[in-house]
Amino acid sequence: MDSALPKGIWFAIVAAVGVSMLGIHYSMKSADEVPTEEPVGEVADDVMKGEPVRVVLDPGHGGGDGGTVVFSLLEKELALDISMRVRRALERDGIRAVMTRQGDRDVELAERVELGRKHPGVPFVSIHLNRYKSASVRGAEVYVMDGKPVPLPVVKGYDGQKMGGSELHWTSGNSANQGFFDRRSTTLGTQILAAMTDGGDLENRGVRQRKLFVVEHAPPPSVLVECGYLSNPGEARKFSKAAFREKVAQNIAKGIGSYLEEAEKNPTYGFTRDSTLGEAVLTIK
Ligand SMILES: [Zn+2]
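Throughout, a residue's number is its position along its own chain's written sequence, starting from 1. Thresholds applied to this predicted model are a pLDDT of at least 70 for local features of residues and 80 or more for the giving and counting of side-chain atom pairs; totals over whole chains, interfaces and linings are not thresholded and use all residues. As a rule here, side-chain values cover all heavy atoms of the structure and leave hydrogens and water aside.

Side note on the packing of helix α5 (residues 184-197) against helix α8 (residues 242-263)
Taken N-terminus to C-terminus, the directions of α5 and α8 make an angle of 140°; their axes are 7 Å apart at the nearest point. The angle between α5 and α8 falls in the class oblique. Between α5 and α8 the crossing geometry is right-handed. For the pair α5 and α8, the contacting residues are Arg-184, Thr-187, Leu-188, Gln-191, Ile-192, Ala-195 and Met-196 in the first and Val-248, Asn-251, Ile-252, Lys-254, Gly-255, Ile-256, Ser-258 and Tyr-259 in the second. Fitting a line to C-alpha atoms yields each axis, with helices limited to the stretch in contact; the angle taken between N-to-C directions then spans 0 to 180 degrees. For helices the rule is a DSSP run of H or I covering at least 4 residues; for strands it is a run of E covering at least 2, with both sets numbered from the N terminus onward. Our angle categories are set so that under 35 degrees counts as roughly parallel, over 145 as roughly antiparallel, 65 to 115 as roughly perpendicular, and the remainder as oblique. If you view the pair so one helix is near and one far, a crossing is left-handed when the near helix is turned anticlockwise from the far one by less than a right angle, and right-handed when it is turned clockwise. Contact definition: two residues touch when any of their heavy atoms are within 4.5 Å.

Printed below as a string of structure tokens:
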């Protein structure tokens, strides 16, 4: 640039503008970070207080972590919106859910998992939206981390939970400690995905095993639902509409409801056994 001003003056101007912009940014950021009174997992307008918690909902991201951003759509906002709708749909069916966040705030992954640990054995459902480099990819998928063998001593005191007033006990022959698998997360994920995709609104991309922090560390059944791809223009348009998000949320709630209906009357729902290991008997005392 050909200028009458000496280089030193230009530098001073650029530096001054830079500092003032930083100042504006800083003050905007601190205004955003006013701490809320809302504790994790507690619901200010919890209409079902006193009822047992039967679902933990985990809207992905929040606060300084926006998640996926495509066009003007922010994953953290859509995930929260859908999660709140899921909670309301569950409440209409008499099912109480707590949430890891209800506002636009930072929540550590460990904090999310901690709320799950407070409610072992109940579905932990993390809600996200996806993106991919190829715009043609679309549909819903669910991530889980299960199928691990469950040795007898672990099953016996599993999560310390009591289900339907009775504890879970496994008895069998010689191979008592082997051959049992906890597939409750896959079972829950399959129910949710079926409900989301049955009407043809979303493609079913399957329940997949992936080592993601929340599904690995929150007690089973724990799933991470990727509702759809914001990088797909058609799907982005759909998710920008409240009516579509409501429909998706109702379907997620329906899937959770179907799982609960089975799991709450049958404590062995979602557990499988390798039949090659001989005769085994499951008793519930
Ligand atoms: Zn996400």
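More follows now that the structure is in view.
Comments concerning the pattern of salt bridges
The salt bridge criterion pairs a side-chain nitrogen of Lys or Arg with a carboxyl oxygen of Asp or Glu, the two atoms within 4 Å. Scanning the model with the defined rule gives 14 salt bridges in all. Note that Glu-264 is salt-bridged to Arg-54, the shortest N-O span being 2.9 Å. On the criterion of sequence distance, the pair formed by Glu-264 in the loop between α8 and β11 (271-273) and Arg-54 in strand β1 (residues 53-59) is long-range, its members being 210 residues apart. The buried label applies to any residue whose accessible area, calculated with a 1.4 Å probe on protein chains only, is under 20% of its type's maximum; exposed applies above 50%, and partly exposed to all values in between. For Arg-54, a relative accessible area of 23% corresponds to the partly exposed category. Note that Glu-262 is salt-bridged to Lys-265, the shortest N-O span being 3.9 Å. Note on Lys-265: relative accessible area 58%, which makes it exposed. The structure contains a network of salt bridges with shared partners spanning Asp-81, Arg-85, Arg-92, Arg-245 and Glu-246.

Comments concerning the pairing of β1
Most of β1 sits inside the fold, with 6 of its 7 residues counted as buried. Following DSSP output, two strands are said to pair if at least two bridges run between them. Pairing geometry for β1 and strand β4 (residues 96-99), over 4 bridges, is parallel. Bridge pairing links Val-56 to Val-98 in β4. Pairing of β1 with strand β5 (residues 124-130), which is carried by 4 bridges, proceeds in the parallel orientation. Paired with Val-56 across the bridge in β5 is Phe-124.

Regarding a negative patch on the surface
Nonpolar side chains (Val, Leu, Ile, Met, Phe, Trp, Tyr) are joined into patches within 5 Å and like charges within 9 Å, using only residues with over 30% relative accessible area and no salt bridge. Exposure was quantified through the Shrake-Rupley algorithm and a 1.4 Å probe, taking into account, for residues, occlusion by the shown protein chains and nothing else. The positive count covers Lys and Arg only, the negative count covers Asp and Glu only, and His and the chain ends enter neither. Think of each charge as sitting on NZ of Lys, CZ of Arg, CG of Asp or CD of Glu. Together, Asp-65, Asp-106, Glu-108 and Glu-111 line one region of the surface with negative charge. With respect to the element layout, Glu-111 can be found in helix α3 (residues 109-118). Relative accessible area serves as the criterion here: at 32%, Glu-111 is assigned to the partly exposed category.

Focus: the confidence of the model for the chain
On average, the chain scores 78 in pLDDT, and the residues at 70 or more come to 68%. For residues 1-39, every residue scores under 50 in pLDDT, and the model assigns this stretch 9 contacts once sequence neighbours within four places are set aside. Confidence scores per residue from the predictor, reported as pLDDT, run from 0 to 100.

A closer look at the sheet that holds β1
Note on sheets: strands pair through backbone hydrogen bonds, and any given pair is parallel or antiparallel. With respect to topology, 6 strands assemble into an open sheet ordered β4-β1-β5-β10-β6-β9, the strand pairing being mixed. The open sheet has two edge strands, β4 and β9 (204-209), and neither has a second partner. Across this sheet, the average inter-strand angle for adjacent strands is 25°, counted without regard to direction. Relative to β9, strand β6 (residues 140-144) runs parallel, the two being bridged by 4 bridges.

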